Amino acid sequence: MKFVSRQPREGINVSDTHPLVEAGTLVAGLTAIFLLFAVVLIFLIDLALYFVPPDKEAALFRDWLPDDLVTVSPADTRLDETQRVLDRMAFHWGDAPYAFRLEIDASELANAMALPGGLIVVTEGLLAQVESENELAFVLGHELGHYRNRDHLRALGRGIVFSVVLAAVTGDDASNLGINVADLALRSFSRKQELAADEFGLELVYTNYGHVNEAWRLFDRWDDGDRSLLDIVSYTSTHPQPGNRVDSLEQLARDRGWPTSGPVTALSW
Ligand SMILES: [Zn+2]
């Protein structure tokens, strides 16, 4: 019997589905994979942080300072006064698992950062802009809010978070982790994290002073274009925009019934 090869039917390589539908399915599939990946990553970081509870983190970073931090003289009176305001804010966070330390970065660019282990860094540029203790108290209270939600560790980035876990488990030295102020000054938090930190910070201010007068006056001035953009760009690129922030803080104070008038405390510098 002779074998007769048959030709494949016409159009065997042409799909019956419209190309746009196929492209749509591909995009939807890739988006789903990407979202799944992002969710798994967030879960992994949360899982990692579970192995570094705050007390372990505080022990790992005790006395630690980032290599690239240029601090002001230890005799600088702004250090004691800012630490005192920070201690008062932290006192109202009843069971804070950190002993908060404050350092002043000798940088002209206004910024404030929450670093691992309870180290809060504010810049000389920021201190030059605050005009009352109440303004400073809110900036510090906001950073405390990042510790409460442990945003400060997530902001380190995946690679460093896993190195921190490794160091915590092996008892390694925090100085080998390569955490730099220069990198952290560029990292921002999500809008949700910022709002939660603002809410926590404002509550500490209210608890301490019995009112929230001047808590956000610094951002009011910035929104009015009072300062050169260059001086405040570091802070405003890693925190909410001053105008929106003032609106949401005013709303928050209204919702919670926190008085917006009351005696303001002066700074000594
Ligand atoms: Zn923040």
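Here goes a summary of the coordinates provided. Just so it is clear, the model here is predicted, and its values are computed rather than measured. (Residues numbered from 1 in each chain as written. Predicted model: local features only at pLDDT ≥ 70, side-chain atom pairs only at ≥ 80, totals over all residues. Heavy atoms only, no water.)

## Considering the packing of helix H3 (residues 77-91) against helix H5 (residues 133-148)
A packed helix pair is summarised by two numbers, namely the angle formed by the two axes and the spacing between the axes.
Part 1: In the contact formed by H3 and H5, the axes pass within 9 Å of each other and the chain directions differ by 60°. In terms of orientation, H3 lies oblique with respect to H5. Helix-helix and strand crossings are classified by hand; for H3 and H5 the assignment is right-handed. Only Glu133, Leu136, Ala137, Leu140, Gly141 and Leu144 of H5 make contact with H3, whose side of the interface consists of Thr82, Arg84, Val85, Leu86, Arg88, Met89 and Ala90. (Axes fitted to C-alpha atoms, helices over the stretch in contact; angles between N-to-C directions. Helix = DSSP H or I, 4+ residues; strand = E, 2+ residues; numbered from the N terminus. Parallel < 35°, antiparallel > 145°, perpendicular 65-115°, else oblique. Left-handed = near helix turned anticlockwise from the far one by under 90°. Contact = heavy atoms within 4.5 Å.)

## What to know about the coordination of the zinc ion
Part 1: Taken together, His142 (NE2), His146 (NE2), Glu194 (OE) and Glu194 (OE) make up the full set of protein donors to the zinc ion, lying 2.1 to 2.4 Å away.
Part 2: What the four donor atoms of the zinc ion show is an angle range of 54 to 131° at the metal, which sorts the shape as irregular.
Part 3: Written as a sequence motif, the donor residues of the zinc ion are H-x3-H-x47-E. With histidine 142 in helix H5 and glutamate 194 in helix H9 (residues 191-209), this residue pair connects regions lying 52 residues apart in the sequence. (Donors = N, O, S within 2.8 Å, 3.2 Å for Na, K, Ca; no water. Tetrahedral: all angles 85-135°; square planar, octahedral: opposite > 155°, others 65-115°.)

## Some remarks on the packing of aromatic side chains
Aromatic ring pairs: the centre-centre distance and the angle between the two ring planes describe each pair.
Part 1: As enumerated under the stated definition, the model contains 12 aromatic pairs in all.
Part 2: Measuring from ring centre to ring centre gives 5.6 Å for tyrosine 50 and phenylalanine 51, while their planes differ by 85°; the resulting arrangement is edge-to-face.
Part 3: Looking at tyrosine 50, the relative accessible area reads 63%, which means it is exposed.
Part 4: Phenylalanine 51 sits in the partly exposed class, given a relative accessible area of 47%.
Part 5: Put simply, the rings of Trp93, Tyr98, Phe100, Tyr147 and Phe200 pair up and form one aromatic cluster.
Part 6: Arginine 245 extends its terminal NZ or CZ atom over the ring of phenylalanine 219, reaching a point 4.2 Å from the ring centre. (Phe/Tyr/Trp six-rings, centres within 6.5 Å; stacked < 30°, edge-to-face > 60°. Buried < 20%, exposed > 50% of the residue type's maximum accessible area, 1.4 Å probe, protein only. Lys NZ or Arg CZ within 6 Å of the ring centre and 35° of its normal.)

## Looking at the sheet that holds strand S3 (residues 119-123)
Either a parallel or an antiparallel arrangement is found when strands of a sheet pair, and the pairing is made through backbone hydrogen bonds.
Part 1: With respect to topology, three strands assemble into an open sheet ordered S1-S3-S2, the strand pairing being mixed. Edge positions in the open sheet fall to strand S1 (101-105) and strand S2 (112-115), since each of these has one partner strand only. Between one strand axis and the next, the sheet turns by 20° as a mean value, whatever way the strands run.
Part 2: Inspection of the sheet shows S1 paired to S3 by five bridges, in the parallel sense. Counted as the bridge partner of glutamate 103 is valine 121 from S3.
Part 3: With respect to the sheet, H3 is in contact with S1 and S3, its orientation differing from that of S1 by roughly 140°. (Pairing = 2+ DSSP bridges.)

## Observations regarding empty space enclosed by the protein
Part 1: In the structure shown here, the tally under the stated rule is one cavity of 30 Å³ or more.
Part 2: For the largest cavity, the calculated volume is near 120 Å³.
Part 3: What lines the largest cavity is a set of 13 residues, and nearest its centre among them are Met113, Ala114, Leu184, Arg187 and Phe189.
Part 4: Among the elements that take part in the lining of the largest cavity, S2 stands out by supplying four residues, more than any other.
Part 5: Split by residue class, the lining of the largest cavity holds eight nonpolar, three polar and two charged. (1 Å grid on protein atoms, 1.4 Å probe; cavity = no way out; pocket = protein on both sides within 12 Å on 5 of 7 lines; lining within 4 Å. Points joined across faces, edges and corners; volume = space filled by probe spheres on them. Nonpolar A, V, L, I, M, F, W, Y, C, P; charged D, E, K, R; others polar.)

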